[in-house]
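This is what each chain is made of:
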Amino acid sequence: MQVDAEALDIGKVRHSTLVDSSGTRYVDFRRTLTPRWKVVWATLLCGHLALVASAALIVYLGNVTAATWPASGLLALAGGALLGFWLHYLMTYLHEGAHYNLAPGRETSDALTNSFVGLFVGMNVKSYRKVHFEHHRYLGTTRDPERSYFAPLNRRFLVEGFTGIRLVRALKGYREVVRSKSRPGEEQAKGGSVDVVFLVSGLFNALVIVCALWSGAVVLAVAWAMGQLLFLPLLNTVRQVLEHRSEFADDLTDYSVVPHGPVNRLFGDGLFAAVFGAAGFNRHLLHHWDPSVSFTRLKDVELFLMNTDVAPLLQRRRTTYYRTWRQLDRT
């Protein structure tokens, strides 16, 4: 297949037309891309381990500072950022679960996603799936429900992200999409309700805070609350902007009225990219091109595509999170 790299984006390239230099068709290669389940769970559980280790570190440092106000306040803020970072890491696996790639069998994958991810971030994978699939269908249009990238990356964006304003807006939009996609009379007991998982997660997180207070770890209790309510939504919205907002976007244009256009990027394999962009978000361009592929096989997809005529299209979208931040930063 001959591809005009200046005229096309990878999103417009059909799977059935791709053949690598050895004559292998992508549709045949695609059948070999079974998920590496051990990698899925090793990396996911590493996130849980990092979260627990971070909590233990906050408790230890809280004891060292003897809970004096200036030091404990700064520690709670830094601890909240650290816990929020690892909660965001876990949240990326909700996305992987939305594509049924956390375990063999769809029901099993959903149950494990809710237990190991939804419990921490307060979202039901079945409900999130309804919203996320609309994102795939309407990326770059005014109908995209995941629309953080509609706004410029400026001070207002960061303040709204940090104070939870954007979280409230996102949850409101999610509820509207979920309700519009739900069948009449759908039973909440089947796990289709955002409220049920949100309630269970709320009780779980409240228990964490209560246990921390009861044991005297006040700094940890404050840090956990800040990580959940402030840093997690901030990091999630910033990541979406870095993935999808065009470097040529007009800061004064309302993209809920005017189509933004689809944009995706490749962020590479650096340590930060692999953790901040966990579960395949560091190769978000490839995920949008072939959404059902497990994140454990996106590197294989990239290697295959780099041996085809579409290699220049990938190179055009290859960047880093830092470089993209610099391009989009309006603060």
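It should be emphasised that the depicted structure is a prediction, and the values quoted were computed from it without experimental measurement. (Residues numbered from 1 in each chain as written. Predicted model: local features only at pLDDT ≥ 70, side-chain atom pairs only at ≥ 80, totals over all residues. Heavy atoms only, no water.)

## Regarding the environment of His88
Checked against the element boundaries, His88 lands in helix α3 (residues 69-98). Along the sequence, His88 and Pro233 sit 145 residues apart, while their C-alpha atoms lie 8.0 Å from each other. Side-chain polar atoms of His88 contact the side chain of Arg239, separated by 2.9 Å. (Helix = DSSP H or I, 4+ residues; strand = E, 2+ residues; numbered from the N terminus. Polar contact = N/O pair within 3.5 Å; in protein donor to acceptor, adjacent residues only side chain to side chain.)

## Comments concerning the side chain of Asn282
Note that Asn282 resides in the loop between α10 (271-276) and α11 (284-289). Those residues within four positions of Asn282 in sequence are excluded, and the remaining contacts are Leu266, Phe267, Gly268, Asp269, Ala273, Ala274, Gly277 and Tyr321. (Contact = heavy atoms within 4.5 Å.)

## A few points about the nonpolar core
Counting 70 residues, the largest nonpolar core has Tyr26, Tyr93 and Leu305 as the members making the most contacts within it. Not counting residues up to four positions away in its chain, the partners in contact with Leu305 are Leu18, Leu286, Trp289, Val310, Ala311 and Leu314. Counting residues in hydrophobic clusters, the runner-up holds five residues, among them Leu139, Phe150, Ala249 and Tyr255. (Core = buried A, V, L, I, M, F, W, Y, C linked by side-chain atoms within 4.5 Å. Buried < 20%, exposed > 50% of the residue type's maximum accessible area, 1.4 Å probe, protein only.)

## Some thoughts on empty space enclosed by the protein
Left-over empty space is what a probe sized like a water molecule reveals as it rolls over the atoms. Counted under the stated rule, the structure contains two cavities of 30 Å³ or more. Taken together, 16 residues line the largest cavity, and the ones lying closest to its centre are Tyr128, Glu146, Asn236, Arg239 and Gln240. Breaking the lining of the largest cavity down by element, the ones donating at least two residues are α3, α5 (125-138) and α9 (218-244). Sorting elements by how many residues they give to the lining of the largest cavity places α9 first, with five residues. Classifying every residue of the lining of the largest cavity gives six nonpolar, seven polar and three charged. (1 Å grid on protein atoms, 1.4 Å probe; cavity = no way out; pocket = protein on both sides within 12 Å on 5 of 7 lines; lining within 4 Å. Points joined across faces, edges and corners; volume = space filled by probe spheres on them. Nonpolar A, V, L, I, M, F, W, Y, C, P; charged D, E, K, R; others polar.)

## Points about the packing of helix α2 (residues 37-64) against helix α4 (residues 106-121)
It is at 12 Å that the axes of α2 and α4 come closest, and there the two elements cross at 30 degrees. One finds that α2 runs roughly parallel with respect to α4. Where α2 crosses over α4, the two elements pack in a sense that is left-handed. Of α4, the residues touching α2 (which contributes Trp41, Leu44, Leu45, His48 and Leu51) are Leu112, Phe116, Val117 and Phe120. Within the contact of α2 with α4, the residues separate by chemical class into eight nonpolar, one polar and no charged. (Axes fitted to C-alpha atoms, helices over the stretch in contact; angles between N-to-C directions. Parallel < 35°, antiparallel > 145°, perpendicular 65-115°, else oblique. Left-handed = near helix turned anticlockwise from the far one by under 90°.)

## Observations concerning the pattern of salt bridges
According to the stated counting rule, one finds 18 salt bridges in the structure shown. Lys126 is paired through a salt bridge with Glu107; the nearest N and O atoms lie 3.5 Å apart. Of the two residues, Lys126 sits in helix α5 while Glu107 sits in helix α4, which places them 19 residues apart along the sequence. For Glu247, the salt bridge is made with Arg265, and the minimal N-O distance between the two is 2.8 Å. Here Glu247 is found in the loop between α9 and α10, whereas its partner Arg265 is found in the loop between α9 and α10, with 18 residues between them in sequence. Exposure remark for Glu247: the relative accessible area of 22% places this residue in the partly exposed category. (Salt bridge = Lys/Arg side-chain N within 4 Å of Asp/Glu carboxyl O.)

## So, the environment of Glu146
Relative to the helices and strands, Glu146 is located in the loop between α5 and α6 (155-162). Classification of Glu146 by relative accessible area gives buried; the value is 7%. Taking C-alpha positions, Glu146 is 7.4 Å from His132, a pair spaced 14 residues apart along the chain. A distance of 3.1 Å separates polar atoms of two side chains, one belonging to Glu146 and the other to His132.

## Some thoughts on α2
For α2, with 28 residues, the first-to-last C-alpha span of 41 Å sits near the 40 Å given by 1.5 Å per residue. Inspection of α2 places Val40, Trp41, Leu44, Gly47, His48, Ala50, Leu51, Ser54, Ala55, Ile58 and Gly62 among the buried residues, and these make up the whole buried set. Where α2 is buried, its residues contact α3, α4 and α9. (Expected span 1.5 Å × (residues − 1).)

## Some details on a nonpolar patch on the surface
On the surface, a nonpolar cluster with roughly 380 Å² of combined accessible area is contributed by Leu57, Tyr60, Leu61 and Val64. Tracing the backbone through its elements, the reader meets Tyr60 in helix α2. The exposure class of Tyr60 is exposed, given its relative accessible area of 53%. (Patch = residues over 30% accessible without salt bridge, like charges linked within 9 Å, V, L, I, M, F, W, Y side chains within 5 Å. Areas by Shrake-Rupley, 256 points an atom, 1.4 Å probe, with all protein chains shown as cover.)

## Structural notes on the packing of aromatic side chains
The way to describe two aromatic rings as a pair is by their centre distance and the angle between their planes. The tally for this structure, following the rule as stated, stands at 16 aromatic pairs. Measuring from ring centre to ring centre gives 5.0 Å for Trp41 and Phe116, while their planes differ by 85 degrees; the resulting arrangement is edge-to-face. Taken together, the residues Trp41 in helix α2 and Phe116 in helix α4 connect sequence positions 75 residues apart. Residue Trp41 is classed as buried on the basis of its relative accessible area of 17%. The exposure class assigned to Phe116 is partly exposed, which follows from its relative accessible area of 31%. On the numbers, 5.1 Å between centres and 15 degrees between planes, the contact of Phe272 with Phe276 is stacked. A residue pair is termed a helical-turn pair when its members lie 3 or 4 positions apart in one helix, as Phe272 and Phe276 do in helix α10 at four residues. An aromatic cluster is defined as three or more aromatic residues linked by ring pairs; in this entry it consists of Phe85, Trp86, Tyr89, Tyr93 and Phe295. Taking the ring centre of Phe281 as reference, the NZ or CZ of Arg239 above it sits at 4.0 Å. (Phe/Tyr/Trp six-rings, centres within 6.5 Å; stacked < 30°, edge-to-face > 60°. Lys NZ or Arg CZ within 6 Å of the ring centre and 35° of its normal.)

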